[in-house]
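# Residue-level structural notes
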Amino acid sequence: MIRWIVLTGLLGGSLLPAQEVGSVLPPWSEGVLDIHQINTGKGNSTLFVLPDGTSLLLDAGAGSRPESPRVLPARPDASRTPGDWIARYVKRVLAFRGEPVLDYALLTHFHDDHMGYPFPNSKVGKGGYLLTGITEVGEAVPIRKLLDRGWPDYAYPTPLRDAMVENYRAFVKWQAANRGLQAERFVAGRKDQVVLQRNAAKYPNFEIRNVLVNTEVWTGVADTTRQQFPRLEDLQPADYPVENQCSLGFRLSYGKFDYGSFGDIPGKVREGGFAWEDMEQAVAKAVGPLEAVVLNHHGNRDSMTAGYLAGVRPQVLIDPVWSADHPGHDVLDRIYSTRIYPGPRDVFATNMSAANRAVIGPLLDRLQSSQGHILIRVAPGGDSFRVVILDDSSESMKVTAVHGPYVSR
Ligand SMILES: [Zn+2]
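Below is a summary of the structure that appears in this document. (Residues numbered from 1 in each chain as written. Predicted model: local features only at pLDDT ≥ 70, side-chain atom pairs only at ≥ 80, totals over all residues. Heavy atoms only, no water.)

### Notes on the pattern of salt bridges
Two side chains bearing opposite charge may form a pair once their charged atoms approach each other closely. Throughout the structure, instances matching the rule amount to 21 salt bridges. Of the charged contacts, one joins E30 and K202 as a salt bridge, the two residues approaching to 3.5 Å between their closest N and O atoms. Of this pair, E30 sits in the loop between helix 1 (2–14) and strand 1 (33–37) while K202 sits in the loop between strand 6 (182–185) and strand 7 (206–213), placing them 172 residues apart in sequence. Note on E30: relative accessible area 39%, which makes it partly exposed. K202 sits in the partly exposed class, given a relative accessible area of 47%. The salt bridge partner of D103 is R144, with a shortest N-O separation of 3.1 Å. Linking D103 in strand 4 (residues 102–106) with R144 in strand 5 (residues 143–148), this pair joins segments that are 41 residues apart in sequence. We classify R144 as partly exposed; its relative accessible area is 46%. Here the residues in one salt-bridge network are E207, R209, D223 and R251, joined through shared partners. (Salt bridge = Lys/Arg side-chain N within 4 Å of Asp/Glu carboxyl O. Helix = DSSP H or I, 4+ residues; strand = E, 2+ residues; numbered from the N terminus. Buried < 20%, exposed > 50% of the residue type's maximum accessible area, 1.4 Å probe, protein only.)

Okay, here's the thing in structure tokens:
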């Protein structure tokens, strides 16, 4: 009994800064792992503060059609751009660093809701490029190392020459020449490309494993990988992997805590498509069970297959929503199915559209949260974590709900 109380006391948060509903989120502290799913209503962005204070931003979206009725309203509001809101969020969270710095920034793939669409009225940066999404964040907060799926030639599977990628490349070039940014291509299978920068020796049970990029997937054994798609020379150009299938993703492990984020990979094969288009199955085989996942492709209808869910069996699922078709109705059915995998699970969404509420109906009432930034706060060592919902109607960082503790398995 005593042991149980002590354990509960530890899991209950004595190792974590107290976070209480209605109060401002206590800042990150040494040994804690914080994962913020930032809600702008216009695309994905995740800020990680690793146990030694190393910072990492995964994506900074600003979708191309912000006024479309399908797209969620801007959060906190439309007075600033999504990139500006993200940059300000990053600066607040990283204030403990003195002058905030992103040790790493990663782009899962080259879509507007992940990297930012350059608008005719976007502000112009120091190097002449337009400020939107990742370029707007990187202008405000220096990026030390930037990893994407295309550097240096941006030519897989065919040359990427649209205005969005050209604008981004101009940003990368100028930042590399003038601000010390180091660009690299993300390499599947490695566990030494994204590492703790401040005190790695103190956290030997922390690891970021590169799982996939450009349809090359880690096998789960040492650093070895395999190609999920046939060679390009054996495919018709119409059957080349599409942008979502080329997403990069990683598994983050901290002791028993495992988390996965894999961009917009699909699991469903397109009608008339090929079996190898199922990127999710290959990922699930490699990574095994995870405590928490971000829904692939925002929970769109082509994602989160039964095979994938049965492989990763998450306790916590996070849906970064920006459109009325996130999540798909049958996707949510699968996620809640205890036939696919047993045990409890909690699902959190950053937003929910009225249209999707009308279509999906009561199943959406099962969501633990459907508005707000979503913070996974992992206790030192990784044995337990909480999910903290933060008010996204202002920059107050006020806690609106606390879920857990969850025990890492
Ligand atoms: Zn997307």
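### Description of the sheet that holds strand 5
Taken in spatial order, the 9 strands of this open sheet run 6-5-4-3-2-1-15-16-17, and their pairing is mixed. If you trace the sheet from one side to the other, it starts and ends with strand 6 and strand 17 (399–407), each paired once. Neighbour to neighbour, the strand axes of the sheet diverge by 15 degrees on average, direction disregarded. Helix 2 (residues 82–93) contacts strand 1, strand 2 (46–49), strand 3 (55–58), strand 4, strand 15 (373–378) and strand 16 (384–390) of the sheet and is inclined by roughly 15 degrees relative to strand 2. (Pairing = 2+ DSSP bridges. Axes fitted to C-alpha atoms, helices over the stretch in contact; angles between N-to-C directions. Contact = heavy atoms within 4.5 Å.)

### Here's the deal with the coordination of the zinc ion
In the first shell of the zinc ion, the protein supplies D113 (OD), H114 (NE2), D264 (OD) and H298 (NE2), at 2.0 to 2.1 Å from the metal. Here the zinc ion binds 4 donor atoms, and the angle range of 89 to 158 degrees at the metal identifies the geometry as irregular. As a motif over one chain, the donors of the zinc ion read D-H-x149-D-x33-H. Here the residue D264 occupies a position in the loop between strand 11 (257–261) and helix 6 (279–287), and H298 occupies one in the loop between strand 12 (292–294) and helix 7 (306–312), the gap between them amounting to 34 residues. Grouping residues by exposure puts D264 and H298 together as buried. (Donors = N, O, S within 2.8 Å, 3.2 Å for Na, K, Ca; no water. Tetrahedral: all angles 85-135°; square planar, octahedral: opposite > 155°, others 65-115°.)

### A look at the sheet that holds strand 14 (residues 346–349)
Pairing in this open sheet of 8 strands is mixed, and the strands run 9-8-7-10-11-12-13-14 from one edge to the other. Whereas interior strands pair on both sides, the edge strands pair on one side only; in this sheet they are strand 9 (225–227) and strand 14. Across the sheet, the mean angle from the axis of one strand to that of its neighbour is 20 degrees, orientation sign disregarded. Relative to strand 9, strand 8 (residues 216–218) is paired through 3 bridges, and the arrangement is antiparallel. Bridge pairing in strand 9 links W218 to T225.

### Let's talk about helix 6
Burial runs high along helix 6: 7 of the 9 residues are buried. Residues of helix 6 that are buried make contact with strand 7, strand 8, strand 9, strand 10 (249–254) and helix 7. One side-chain oxygen at the N-terminal end of helix 6 lies 3.1 Å from the backbone nitrogen of E280; it belongs to D278. Two residues or fewer past helix 6, G288 is found with a positive phi of approximately 70 degrees. (Polar contact = N/O pair within 3.5 Å; in protein donor to acceptor, adjacent residues only side chain to side chain.)

### Examining the packing of aromatic side chains
Two aromatic rings, taken as a pair, are described by how far apart their centres are and by the angle between their planes. Under the definition given, this model contains 15 aromatic pairs. Ring centres 5.1 Å apart and planes at 70 degrees place the aromatic pair Y117 and F119 in the edge-to-face group. Look at F119 and you get partly exposed, because its relative accessible area is 21%. Centre to centre, the rings of Y203 and Y254 are 6.3 Å apart; their planes meet at 70 degrees, and the pair counts as edge-to-face. Of the two residues, Y203 sits in the loop between strand 6 and strand 7 while Y254 sits in strand 10, which places them 51 residues apart along the sequence. Take Y203: its relative accessible area is 8%, and that puts it in the buried class. (Phe/Tyr/Trp six-rings, centres within 6.5 Å; stacked < 30°, edge-to-face > 60°.)

### Digging into the side chain of D392
With respect to the helices and strands, D392 occurs in the loop between strand 16 and strand 17. Take D392: its relative accessible area is 2%, and that puts it in the buried class. Among the polar contacts made by the side chain of D392, one reaches the side chain of N39 at a distance of 2.7 Å. Among the polar contacts listed, one links the side chain of D392 to the side chain of Q371, at a separation of 2.8 Å.

### Regarding the environment of L50
Looking at the secondary structure, you find L50 in the loop between strand 2 and strand 3. Overall, L50 belongs to the buried group, its relative accessible area being 0%. Residues L50 and F206, spaced 156 residues apart in sequence, show a C-alpha to C-alpha distance of 8.9 Å. Every residue in contact with L50, bar those within four places of it in the chain, is listed here: W28, V32, L33, L196, F206, I208 and L252.

### Brief notes about the pairing of strand 2
Note on strand geometry: in a regular strand, side chains alternate between the two faces of the sheet. Neither face of strand 2 is exposed, since T46 and F48 on one face and L47 and V49 on the opposite face are all buried. Here 4 bridges tie strand 1 to strand 2, and the two strands are oriented antiparallel to one another. Bridge pairing links I35 to F48 in strand 2. As paired elements, strand 2 and strand 3 share 4 bridges and run antiparallel to each other. Looking at strand 3, one finds that V49 is bridged to S55. Between strand 2 and strand 3, which follow one another and run antiparallel, lie 5 residues, and G53 among them has a positive phi close to 95 degrees.

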